[in-house]
Amino acid sequence: MQEERMQEETYPFVVRPLPYEYDALSPVLDEETLTFHHDKHYKTYVDNLNSVLSDYPELQKKSLKQLLTSIETLPAAIQAPVRNNGGGVYNHELYFDGMKSPVGQEPAGSLAEAINRDFGSYRQWKEQMKQAAVGKFGSGWAWLVTDKDGKLSIVQTANQDVPDLDDYVPIFLVDVWEHAYYLQYQNRRADYVEGWFNLINWRKAARRYEEGFCKLNNM
């Protein structure tokens, strides 16, 4: 599973290929937008993170998750660069891995039950998720996460910050940095987010939800 590999990966970090072709998410995300986002922006975060860690061999054995959950213990000079670039790697890998070709798939099983329980219905969840994404001021992300009790929450983070990965497991997230959509949608963030709902890989999301509960409870 991509998320497991991502969390276990250590320095030097590598650019993960997309799990689909560059034109697979069209018409919601066209090939130019996806190529630019993956091959330029995401790659830059990977390169920058490796550069930051190159002079710190004692940190090169830490996984991406370990780095992001121990920011305050890192040398002061690299705390911000690791937060920004490590978060950029983590967030982008989860974002790309959480999408698939737009085929109208919807949640099922325990994740669907949890959405209905915690938000009232899929429609109400979608409204809240869209509001979190469209209403995020500036650059950042909107996340669906689960806690150790299996309760779902919608979380916003700014820039390349991540939720508390000790207390939450991300199910998926939507990127609302302008570089994620501007080539195709210009300033129409709401249109991009509405389209993104059709790209959610609900099969992977359901697996993350079920495995996330076990992971947080050390099962």
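Residues numbered from 1 in each chain as written. Predicted model: local features only at pLDDT ≥ 70, side-chain atom pairs only at ≥ 80, totals over all residues. Heavy atoms only, no water.

Looking now at the environment of Val145. Relative to the helices and strands, Val145 is located in strand β1 (residues 140-146). The exposure class of Val145 is buried, given its relative accessible area of 0%. Separated by 22 residues in the primary sequence, Val145 and Asp167 place their C-alpha atoms 9.6 Å from one another. If we skip the residues at most four places from it in the chain, Val145 touches Lys151, Leu152, Ser153, Val155, Pro163, Tyr168, Val169, Pro170 and Ile171. (Helix = DSSP H or I, 4+ residues; strand = E, 2+ residues; numbered from the N terminus. Buried < 20%, exposed > 50% of the residue type's maximum accessible area, 1.4 Å probe, protein only. Contact = heavy atoms within 4.5 Å.)

Within strand β3 (residues 169-175), 7 of the 7 residues are buried, which leaves it mostly tucked inside the rest of the structure. Here 6 bridges tie β1 to β3, and the two strands are oriented antiparallel to one another. Bridging from a neighbouring strand, Trp143 pairs with Leu173 of β3. (Pairing = 2+ DSSP bridges.)

Time to look at the side chain of His92. Its place among the elements puts His92 in helix α4 (residues 76-97). The class of His92 is buried, set by a relative accessible area of 0%. A polar contact of 2.7 Å, which involves the side chain of His92, links it to the backbone oxygen of Gly88. Polar side-chain contacts of His92 include one of 3.5 Å to the side chain of His179. Sequence-distant contacts of His92, defined by excluding residues within four places in its chain, comprise His37, Tyr42, Tyr45, Trp141, Gln160, Asp175 and His179. (Polar contact = N/O pair within 3.5 Å; in protein donor to acceptor, adjacent residues only side chain to side chain.)

Okay, the nonpolar core next. In terms of nonpolar packing, the biggest core is built from 62 residues, with Tyr95, Trp125 and Phe172 touching the most fellow members. Among residues more than four places away in sequence, those in contact with Phe172 are Trp125, Met129, Ala142, Trp143, Leu144, Trp196, Ile200, Trp202 and Ala205. (Core = buried A, V, L, I, M, F, W, Y, C linked by side-chain atoms within 4.5 Å.)

Between its first and last C-alpha atoms helix α6 (residues 122-134) spans 18 Å; for 13 residues at 1.5 Å apiece the expected length is 18 Å, and the two agree. All buried positions along α6 are accounted for by Trp125, Met129, Ala132 and Ala133. Summarising the axial view, the buried residues of α6 lie within an arc of 95°, below the 170-degree limit, and thus occupy one face. Of the residues in α6, the exposed ones pointing more than 90 degrees away from the buried face are Arg123 and Gln131. (Expected span 1.5 Å × (residues − 1). Arc of directions from axis to C-beta.)

We now examine the sheet that holds strand β2 (residues 152-158). On the basis of which strands lie adjacent, the open sheet formed by 3 strands has the order β2-β1-β3 and antiparallel pairing. Lying at the two open borders of the sheet, with one neighbouring strand each, are β2 and β3. Sheet twist, expressed as the mean angle between neighbouring strand axes with direction ignored, is 25°. Of the strand pairs in this sheet, β1 and β2 are connected by 7 bridges, and their pairing is antiparallel. In the sheet register, Leu144 faces β2, and the bridge partner there is Ile154. The sheet contacts of helix α5 (residues 109-119) involve β1, β2 and β3, and relative to β2 the element is tilted by about 80°. (Axes fitted to C-alpha atoms, helices over the stretch in contact; angles between N-to-C directions.)

Glancing now at the pattern of salt bridges. Two side chains bearing opposite charge may form a pair once their charged atoms approach each other closely. Overall, the coordinates contain 11 salt bridges when judged by the stated rule. Among the ionic pairs, Lys43 bridges to Asp47, the shortest N-O distance being 2.7 Å. Remark: Asp47 and Lys43 occur in helix α2 (residues 31-53); sequence separation between them is 4 residues, near one turn of the helix. Under the relative-accessibility criterion, Asp47 is labelled partly exposed at 36%. Within the structure, one salt-bridge network assembled from shared partners comprises Asp97, Lys204 and Arg208. (Salt bridge = Lys/Arg side-chain N within 4 Å of Asp/Glu carboxyl O.)

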